[in-house]
Each structure stands twice: as structure tokens, then as C-alpha cells.
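# Architecture at a glance
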Amino acid sequence: MAEAEESPGDPGTASSRPLMRDLKAVGKKFMHVLYPRKSNTLLRDWDLWGPLILCVTLALMLQRDSVDSEKDGGPQFAEVFVIVWFGAVTITLNSKLLGGNISFFQSLCVLGYCILPLTVAMLICRLVLLADPGPVNFMVRLFVVIVMFAWSIVASTAFLADSQPPNRRALAVYPVFLFYFVISWMILTFTPQ
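An unreviewed UniProt entry annotates the protein as Protein YIPF of Colobus angolensis palliatus. The annotation that UniProt attaches to the protein under Sequence similarities (unreviewed entry) is "Belongs to the YIP1 family."

Now the structure itself:
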């Protein structure tokens, strides 16, 4: 008997292989951020899929629940999106101007993937905000945001610090600190309406 041909929509066809390959690559990069260690894997095989997913997820979670979104004072989706990408581009340009030996897209990749801990912090804070508001609620959120902020800094500097000249590492890390601080502040000050 002749073998049946696979149709283009079958899961086993060649069209699903690149998608699975990309998803596995994104998952491996998430693991590099969760367990930061000095490795060139995140720099060598850069992509912007993970940062895009994390940025969209964070922006959606920072959305207010109110119908009249113009009067709630919270960040809108586009504002969060622009802050994240403009901040990452600014840090990347700073790194290049300081003489870093990392490419533009490698830096964007690292900075974007290192938002993962802050995205997890936002998820935890949204869950904590389901409980009654009060000082204990705020202290739990503050603790979570501080830990995840530190995690993002450690993860990003593990990848980016070696790409800078030794006498300019502090100048390259300081904007990274400010970038993640602004995102952390947006997460900490978020309150649903």
C-alpha cells in the first residue's frame, strides 16, 4: 500500500518544526534568565520573540480593569510597550557608545529576556491584590518586587558585563539599573480600579 501524504495542516509537517524549534529556543533562554550564569548562549543565539512575549504580557497585566481608562491614571498598553522598548534601545545605544562588543540586537535580546522576573512579579502582585488591601499586602508586594528587581539586574549583568571594557562597566550597568527600576516602580504602584 502507498503511504498517505501528510496535508499541510498536519502537526507532523515541516511547517510546525520551525515553530517548535523557536519555542524550544525561547524556553532555553527563559531558563538562562531563571538560573543566571555566565554564558554566551543568550548572546550568540539572539531573538526578539521572548522579549516581545514578555513585553506584551507585562503591558496587558498592567492594564487597568476600568471601562473609562482615560481617568484611572494608570499606564496604558502602548505606554508600557514604549517604555520597555525605548528603554532597551537607549541602554543598547549607551552600551555601544561606551565601547561594548555586543551587537544591537544581542543587547535588546538580553534586556528583553531579563524582564521575565519582573513579569513574574507582576503576576504575583496581581494575585496578592485579590486579597484585602492593607499594609501587609503592600509589604508582600514590595518584597516580591525587590527580589525580582534584583534578579533582573543580576541576570542582565551576568550577560552584559563582560561585553563592556572593565573601566566602563559601572557606566553600562547604571542605566540597566534605572531601566528595571522604572518597570519595578510601575509594577509596585499598580492598583486595580
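## A closer look at a nonpolar patch on the surface
On the surface, a cluster of nonpolar side chains totalling about 660 Å² of accessible area is made up of Ile83, Tyr174, Phe177, Leu178, Phe181, Val182 and Trp185. If you tally residues by element for the nonpolar patch, the top one is helix H8 (residues 169-188), at six residues. With respect to the helices and strands, the residue phenylalanine 181 is situated in helix H8. By relative accessible area, phenylalanine 181 is classed as partly exposed at 39%.

## Observations concerning the packing of aromatic side chains
Summed over all chains, the structure comprises nine aromatic pairs. When the ring of phenylalanine 181 is compared with that of tryptophan 185, the centres are 6.3 Å apart and the planes differ by 25 degrees; the resulting orientation is stacked. Linking phenylalanine 181 with tryptophan 185, this pair stays in helix H8, spanning four residues, or about one helical turn. An aromatic cluster of at least three residues, connected via ring pairs, comprises Phe149, Phe177, Phe181 and Trp185.

What counts, and where the lines are drawn
Counting from 1, residues in each chain are numbered in the order their sequence is written. Since the coordinates come from a predicted model, pLDDT governs what is reported: local features require at least 70, and pairs of side-chain atoms require 80 or more to be given and counted, while whole-chain, interface and lining totals use all residues. Water and hydrogen atoms play no part in the side-chain values, which are based on all heavy atoms of the structure. UniProt positions are given in the numbering used here, feature names are shortened, and annotations may be inferred rather than shown by experiment. Without a salt bridge and with relative accessible area above 30%, a residue can belong to a patch; like charges are then joined within 9 Å and nonpolar side chains (Val, Leu, Ile, Met, Phe, Trp, Tyr) within 5 Å. Only the protein chains shown count as cover for residues, with accessible areas throughout obtained via the Shrake-Rupley method and a probe of 1.4 Å. Whenever a carboxyl oxygen of Asp or Glu lies within 4 Å of a side-chain nitrogen of Lys or Arg, that contact is scored as a salt bridge. The helix count covers DSSP runs of H or I at least four residues long, the strand count covers runs of E at least two residues long, and both are numbered beginning at the N terminus. Throughout this description, buried means an accessible area under 20% of the type-specific maximum (1.4 Å probe, protein chains only), exposed means over 50%, and partly exposed covers the range between. Only Phe, Tyr and Trp rings take part, Trp by its six-membered ring, and two of them pair if their centres are within 6.5 Å. Stacked means planes under 30 degrees apart, edge-to-face means over 60, and tilted covers everything else.

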